[in-house]
Amino acid sequence: MFSKLTRLFQSSSTDTPTTMALTEPQVLDAVSSLVDPNTGKTYVAAKAVKNLRISDTELALDVVLSYPAKSQFARVEAEFAAALQSVAEGRAVKVAVRSEITAHQAQRGVPLLPGVKNVVAVASGKGGVGKSTTTVNLALALAAEGARVGILDADIYGPSQPLMMGLAGQRPESPDGKTIKPLINHGVQTMSIGYLVDEDQAMVWRGPMVSQALQQLLNDTLWNELDYLLIDMPPGTGDVQLTLSQKVPVTGAVIVTTPQDIALLDAKKGLKMFEKVGVPILGLVENMAIHICSNCGHAEHIFGEGGATKMAADYGVELLGSLPLDLSIRVAVDNGAPSVVADPDGQVAALYKTIARRVAVKVGEKSRDFSSKLPKIVIQNG
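Residues numbered from 1 in each chain as written. Predicted model: local features only at pLDDT ≥ 70, side-chain atom pairs only at ≥ 80, totals over all residues. Heavy atoms only, no water.

Caption draft 1: Up close: helix H9 (residues 307-315). Every buried residue belonging to H9 is among Gly 307, Ala 308, Met 311 and Ala 312, and all of these are buried. In a view along the axis of H9, the buried residues occupy a sector of 130°, so they form one face of it. What points out from H9, more than 90 degrees from its buried face, is the exposed set Lys 310 and Ala 313. Where H9 is buried, its residues contact strand S9 (252-257), helix H8 (261-276), strand S10 (281-286) and strand S13 (319-322). Two residues or fewer past H9, Gly 316 is found with a positive phi of approximately 65°. (Buried < 20%, exposed > 50% of the residue type's maximum accessible area, 1.4 Å probe, protein only. Helix = DSSP H or I, 4+ residues; strand = E, 2+ residues; numbered from the N terminus. Arc of directions from axis to C-beta. Contact = heavy atoms within 4.5 Å.)

Structure, rendered in structure tokens:
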């Protein structure tokens, strides 16, 4: 009888080996060398590894990115799963990757907008450099990566977003006669003075009227839980731009320029304006950097070469990317379906998506704003 029990115990212990104890430091060490190519930092150092769970049968964790990157979730998941196999010891490995966009600090003393986490101003010192086209494609690129995005067309005198977004001629609704709902296309919420006036109506307004109209468009629009609101700023550095940069909670600004000296000269003025009012510069975008002949393939720098690179170095900001002078970009926005949605897998769309990701990473590196989580303190007389 005793010998039978002994053999049974030995047999059962051989069939079900005991799982070795696994600690959280061991798991973090296994993934400590994995680097996020978009930030240049390890995921562990960036505190992106969350909700670690260890049991006898399962090893699971979450990877939480501070920027939208839906197209890269599968790659990150595969990298973590492979690294965790070295310590899993037979446990099932489960990795969940997601983005979590939070509100970040704007200028001191300027409260956040209801329904908007981060405001990004897209500006230039002069017109004609492709700022509006850049704005709409960056917005669509962020939306394609899973973010909730809006565009405010702040150019009262020459609104172009209704045409570019395929919404020309449409009118927004007002649920209460005081606020207005943004118009939506391609998954992006938009608002523009162009929705409220006829296409051929000239806005003959002085600066204070324009500033007031922009603030109403911004504050009276029912933005629906936006991760990013991109403001297509009017060209120049006058009172309108100054009012917006002082009264709108801007997380950061993107400066759009072209390579020629005159555009760079005005772009520098735009950059200095934001610096004076305490708005961080997220980086530069060089538009129309190179033209490639569609017939012979000859590449030519029509507007000069290296200007934005030198400006970025001189002012200590990042060159987020360079875009070509390409006929398809112009045709796409004129048709109301910008490059990112017209040809989402094309080379031009890939450039916009890379720049948009760099903008989002820059925003994610800013200090967070916790004001919405603080309790309201009400003082009453006894």
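That covers the picture; the talk isn't over yet.
Caption draft 2: Structural context of the sheet that holds strand S3 (residues 92-99). Pairing is mixed across the open sheet formed by 3 strands, whose spatial order is S1-S2-S3. Looking along the sheet, the strands with just one partner apiece sit at the ends: strand S1 (49-54) and S3. Going across the sheet, the axis of each strand differs from the next one's by a mean of 10°, ignoring polarity. Across 4 bridges, the pairing between S1 and strand S2 (residues 58-65) is antiparallel. (Pairing = 2+ DSSP bridges. Axes fitted to C-alpha atoms, helices over the stretch in contact; angles between N-to-C directions.)

Caption draft 3: Representation of unusual backbone geometry within the structure. A positive phi angle, near 60°, is found at Lys 47, a position not held by glycine. Looking at the secondary structure, you find Lys 47 in the loop between helix H2 (24-31) and S1. Given a relative accessible area of 63%, Lys 47 falls into the exposed group. Even without a glycine there, the phi angle at Met 288 is positive, about 55°. Positionally, Met 288 belongs in the loop between S10 and strand S11 (291-292).

Caption draft 4: Looking closely at the sheet that holds strand S7 (residues 188-192). Taken in spatial order, the 8 strands line up as S6-S7-S5-S8-S4-S9-S10-S13 in an open sheet, and their pairing is mixed. Both outer strands of the open sheet, strand S6 (183-185) and S13, are each paired with one neighbouring strand and no more. Pairwise comparison of adjacent strand axes, ignoring direction, gives a mean angle of 25° for this sheet. Of the strand pairs in this sheet, strand S5 (residues 149-153) and S7 are connected by 5 bridges, and their pairing is parallel. The partner of Asp 153 across the bridge, within S7, is Ser 192.

Caption draft 5: Main features of the side chain of Ser 124. With respect to the helices, strands and loops of the structure, Ser 124 is situated in the loop between strand S4 (116-123) and helix H4 (131-144). When neighbours within four sequence positions are excluded, Ser 124 is seen to be in contact with Val 129, Lys 131, Pro 234, Pro 235, Gly 236 and Val 256.

Caption draft 6: Region of interest: the layout of surface pockets. In this structure, the largest pocket occupies an estimated 470 Å³ of space. Along the walls of the largest pocket sit 20 residues, with Ala 46, Lys 47, Ser 66, Gly 364 and Arg 368 positioned nearest its centre. At the level of elements, S2 and helix H12 (347-364) are the ones that each hand at least two residues to the lining of the largest pocket. Across the lining of the largest pocket, the residue classes tally to 8 nonpolar, 4 polar and 8 charged. (1 Å grid on protein atoms, 1.4 Å probe; cavity = no way out; pocket = protein on both sides within 12 Å on 5 of 7 lines; lining within 4 Å. Points joined across faces, edges and corners; volume = space filled by probe spheres on them. Nonpolar A, V, L, I, M, F, W, Y, C, P; charged D, E, K, R; others polar.)

Caption draft 7: Representation of the packing of aromatic side chains within the structure. A complete count under the given rule lists 1 aromatic pair for this structure. An angle of 70° between the planes, with centres 5.2 Å apart, marks the rings of Tyr 43 and Phe 80 as edge-to-face. Within this pair, whereas Tyr 43 is found in the loop between H2 and S1, its partner Phe 80 is found in helix H3 (residues 73-88), the two being separated by 37 residues in sequence. By the burial criterion, Tyr 43 is buried, and Phe 80 matches it. (Phe/Tyr/Trp six-rings, centres within 6.5 Å; stacked < 30°, edge-to-face > 60°.)

Caption draft 8: Representation of the nonpolar core. Judged by nonpolar contacts, the single largest core of 103 residues is most densely connected at Tyr 43, Val 63, Phe 80, Leu 229, Leu 230 and Phe 274. A total of 8 residues in this core trace back to one element, the largest contributor, which is H12. Excluding residues that lie within four positions of it along the chain, Leu 229 makes contacts with Leu 113, Val 116, Asn 118, Val 119, Val 120, Gly 150, Ile 151, Leu 152, Leu 218 and Trp 223. (Core = buried A, V, L, I, M, F, W, Y, C linked by side-chain atoms within 4.5 Å.)

Caption draft 9: Structural view of the packing of H2 against H3. Where H2 contacts H3, the axes come no closer than 8 Å and their chain directions differ by 135°. The orientation of H2 with respect to H3, classified from their angle, is oblique. The hand of the H2/H3 crossing is right-handed. In this structure, H2 contributes Gln 26, Val 27, Ala 30 and Val 31 to the contact, and H3 contributes Phe 80, Ala 83, Leu 84, Ser 86 and Val 87. Among the residues forming the contact of H2 with H3, the class breakdown is 7 nonpolar, 2 polar and no charged. (Parallel < 35°, antiparallel > 145°, perpendicular 65-115°, else oblique. Left-handed = near helix turned anticlockwise from the far one by under 90°.)

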